[in-house]
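Inside the fold
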Amino acid sequence: MWYWVFLWCLFSSLFVHGAVGLLMLVMLQRHRRGRAAVAGVYRVAGKDMAPLEALVLGVGQTTFSMVISFSRILATL
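Quick notes on the rules
Residues numbered from 1 in each chain as written. Predicted model: local features only at pLDDT ≥ 70, side-chain atom pairs only at ≥ 80, totals over all residues. Heavy atoms only, no water. Helix = DSSP H or I, 4+ residues; strand = E, 2+ residues; numbered from the N terminus. Rg over C-alpha atoms; globule rule 2.2 N^0.38 Å. Areas by Shrake-Rupley, 256 points an atom, 1.4 Å probe, with all protein chains shown as cover. Buried < 20%, exposed > 50% of the residue type's maximum accessible area, 1.4 Å probe, protein only. Phe/Tyr/Trp six-rings, centres within 6.5 Å; stacked < 30°, edge-to-face > 60°.

1. A closer look at the overall build of the protein
Within the protein one finds three helices and zero strands. Relative to the compact-globule value of 11 Å for 77 residues, the protein shows a C-alpha radius of gyration of 17 Å, a clear excess of over 25%. Accessible area for the protein stands at about 7400 Å²; split by element, carbon and sulfur atoms hold 74% of it.

2. A closer look at the environment of alanine 50
Counting through the fold element by element, alanine 50 comes out in the loop between α2 (32–45) and α3 (51–76). Looking at alanine 50, the relative accessible area reads 39%, which means it is partly exposed. Along the chain, alanine 50 and glycine 18 lie 32 residues apart, while their C-alpha atoms are 25 Å from each other.

3. Regarding the packing of aromatic side chains
Applying the stated criterion across every chain, the model contains one aromatic pair. With centroids separated by 5.8 Å and ring planes inclined at 75°, the aromatic side chains of tyrosine 3 and tryptophan 4 adopt a geometry described as edge-to-face. Owing to a relative accessible area of 44%, tyrosine 3 belongs among the partly exposed residues under this scheme. Residue tryptophan 4 is classed as exposed on the basis of its relative accessible area of 55%.

Following this line, the structure appears as structure tokens:
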């Protein structure tokens, strides 16, 4: 029984987070100040972002978020 509860929780969480993440991505692309803020940080730093660098930073941020999430969940058990 616990296995099915785990699977339902996992897939519902993935669905909700995926849908909201996609919505956030679309809304950030349309938002003038949001794009300007991200671009402004790189412009002030005098740095260009290559596609490979964006991939590495995105995967690293996701991995870091997952590690933090799992460590908080395990601490509450």
